[in-house]
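Residues per chain are reported as follows:
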Amino acid sequence: MSENTQSPAAEAAESPATKVALVSGGSRGIGRATALRLAQDGFDIGFCYRSDDQAAKELDAEIAGLGVRSLAVKTDVSDSNSVRAFVAETEAALGPVDVAVTSAGITRDNPLLMMPDEDWNQVIDTNLNGVYHVCRAVIFEMMKRKSGSIVNISSVAGVYGNATQTNYAASKAGIIGFSRSLAKEVGRYGIRANVVAPGFIETDMTAGLNEKVKKQALQSIPLRRLGRAEEVADLVSFLVSERSSYITGAVFQIDGGIII
Ligand code: NAP
């Protein structure tokens, strides 16, 4: 095959300089679209998921089909040891991590009056502590190598709040404070940390919403549709690339204008 008929991903795979992207919650939804997009950009991909082996297997094969290396690791992001093992396995198989995207997240909606402690704790443990665990596990190598880019997935709920989502909004607001602090801490090491805050995106997470809520949401979105996971992945792709080399500590909403 001549050089200029190869896809960018295939060329990157053959190059010793291929970069490694780690994606938490990569098996479905926004994480999946991001893993695929970064693979198309030429990154080797290490992704984790919690339980859906079939979805992970399918994505693993799809990434490999793009001509880059893929590693799927079953991980619970709420458990620091599990995340450390995921990062160590990725580094051993693919090399040092250049880019980390944290997309693993859950909802357990309830009015505060009826919020079980378990739902509060599960959401904070997965969404907020999960981001801490991933960033904590990759940061030392990035600091040593004086480069890296981190994108943490928050939500517009973390910026503006949302009734019945005190747990979720608290976790997503926490991600913003965490990421801005991290950006200040590690900027001098050439590491960038940014936040993407999506509105309503078509994934399994929003598929569970009842029709009334969806209809109301559509009425409040100027673009009159839900977003696609691929649209979020495009933004992440920009944020981990050199095209955004002077952007750090920023929060990007991608929401069809829902909050205007
Ligand atoms: P999704 O389709 O439900 O996918 C969630 C992913 O996270 C799955 O791969 C899941 O793996 C993984 N995951 C969940 N808990 C985990 C854990 N403890 N450890 C490891 N992986 C875990 O969700 P999504 O809609 O793509 O959402 C992705 C991120 O975007 C979340 O942080 C969410 O809060 C945020 N977000 C989404 C929307 C939206 O409208 N969809 C809006 C704003 C923000 P398994 O399948 O194996 O469980």
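Residues numbered from 1 in each chain as written. Predicted model: local features only at pLDDT ≥ 70, side-chain atom pairs only at ≥ 80, totals over all residues. Heavy atoms only, no water.

(A) Expanded view of the overall build of the protein chain. Along its length, the protein chain carries 10 helices and seven strands. Against the 2.2 N^0.38 benchmark of 18 Å for 260 residues, the protein chain shows a C-alpha radius of gyration of 18 Å, consistent with a compact globule. Dimensions of the protein chain, computed from C-alpha atoms along their principal axes, come out at roughly 60 × 35 × 35 Å. Looking at the protein chain as a whole, 47% of its 260 residues qualify as buried. Put simply, 72% of the contacts in the protein chain that link residues at least 6 apart link residues at least 24 apart. Entry remark: accessible area of the protein chain is about 12600 Å², with carbon and sulfur atoms responsible for 52%. With 26 positive and 30 negative side-chain charges, the protein chain shows a spacing of 5 Å between the two charge centroids. (Helix = DSSP H or I, 4+ residues; strand = E, 2+ residues; numbered from the N terminus. Rg over C-alpha atoms; globule rule 2.2 N^0.38 Å. Buried < 20%, exposed > 50% of the residue type's maximum accessible area, 1.4 Å probe, protein only. Contact = heavy atoms within 4.5 Å. Areas by Shrake-Rupley, 256 points an atom, 1.4 Å probe, with all protein chains shown as cover. Lys, Arg positive; Asp, Glu negative; His and termini not counted. Charge placed at Lys NZ, Arg CZ, Asp CG, Glu CD.)

(B) Examining the site of the ligand more closely. The local shell around the ligand holds 30 residues, among which Ser 27, Arg 28, Ser 51, Tyr 168 and Thr 203 are the closest. Ser 51 places a polar main-chain atom, nitrogen or oxygen, 2.6 Å from an oxygen atom of the ligand. Backbone polar atom of Val 77 to a nitrogen atom of the ligand: 2.9 Å apart, as the coordinates give it. Residue contributions to the shell around the ligand peak at three residues, all from helix α8 (residues 204-207). Considering only residue class, the shell around the ligand consists of 11 nonpolar, 13 polar and six charged. (Near = heavy atom within 4 Å. Polar contact = N/O pair within 3.5 Å; in protein donor to acceptor, adjacent residues only side chain to side chain. Nonpolar A, V, L, I, M, F, W, Y, C, P; charged D, E, K, R; others polar.)

(C) Structural view of the sheet that holds strand β2 (residues 44-49). Taking strand neighbours across the sheet as the criterion, the seven strands line up as β3-β2-β1-β4-β5-β6-β7 in an open arrangement whose pairing is parallel. The open sheet has two free edges, formed respectively by β3 (70-74) and β7 (251-254), since each of these has just one partner strand. Here the average twist between neighbouring strands, direction ignored, is 15°. Direction of pairing for β2 relative to β3: parallel, over a ladder of five bridges. (Pairing = 2+ DSSP bridges. Axes fitted to C-alpha atoms, helices over the stretch in contact; angles between N-to-C directions.)

(D) Summary view of the side chain of Asn 167. Tracing the backbone shows Asn 167 in helix α7 (residues 166-186). A polar side-chain atom of Asn 167 sits 2.8 Å from the main-chain carbonyl oxygen of Arg 108. Those residues within four positions of Asn 167 in sequence are excluded, and the remaining contacts are Arg 108, Met 115, Asp 119, Trp 120, Val 123 and Ile 124.

(E) The arrangement of the confidence of the model for the protein chain in detail. Confidence in the prediction for the protein chain averages 94 pLDDT; 93% of positions are at 70 or higher. This model gives residues 1-15 a pLDDT under 50, and the stretch forms 19 contacts once residues within four places in sequence are excluded. (pLDDT = per-residue confidence, 0-100.)

(F) View of the environment of Thr 34. Summarising the element assignment, Thr 34 is placed in helix α2 (residues 29-40). In this structure, the C-alpha to C-alpha distance between Thr 34 and Ser 237, residues 203 residues apart in sequence, is 7.5 Å. Apart from residues lying up to four places away in sequence, Thr 34 is in contact with Val 101, Ala 233 and Val 236.

(G) Representation of unusual backbone geometry in the model. The phi dihedral of Thr 164 is positive, around 75°, even though this residue is not glycine. Within the element layout of this structure, Thr 164 appears in the loop between α6 (156-160) and α7. Thr 164 gets classed as partly exposed once you look at its relative accessible area, which sits at 36%. Phi angles above zero are rare outside glycine, and Arg 224 is one such case at about 55°. Inspection of the secondary structure assignment puts Arg 224 in the loop between α9 (211-220) and α10 (229-240). According to the relative accessible area criterion, Arg 224 is exposed, its value standing at 53%.

(H) Main features of the nonpolar core. Of all hydrophobic cores here, the largest spans 29 residues; its most connected members are Ile 45, Ile 63 and Val 101. Put simply, the parts of the chain that give this core at least two residues each are β1 (20-24), α2, β2, α3 (53-64), β4 (99-102), β5 (148-153) and α10. The element that contributes the greatest number of residues to this core is α10, accounting for seven residues. Setting aside chain neighbours within four positions, we find Val 101 in contact with Leu 22, Val 23, Ser 24, Thr 34, Leu 38, Val 151, Ile 153, Val 236 and Val 240. (Core = buried A, V, L, I, M, F, W, Y, C linked by side-chain atoms within 4.5 Å.)

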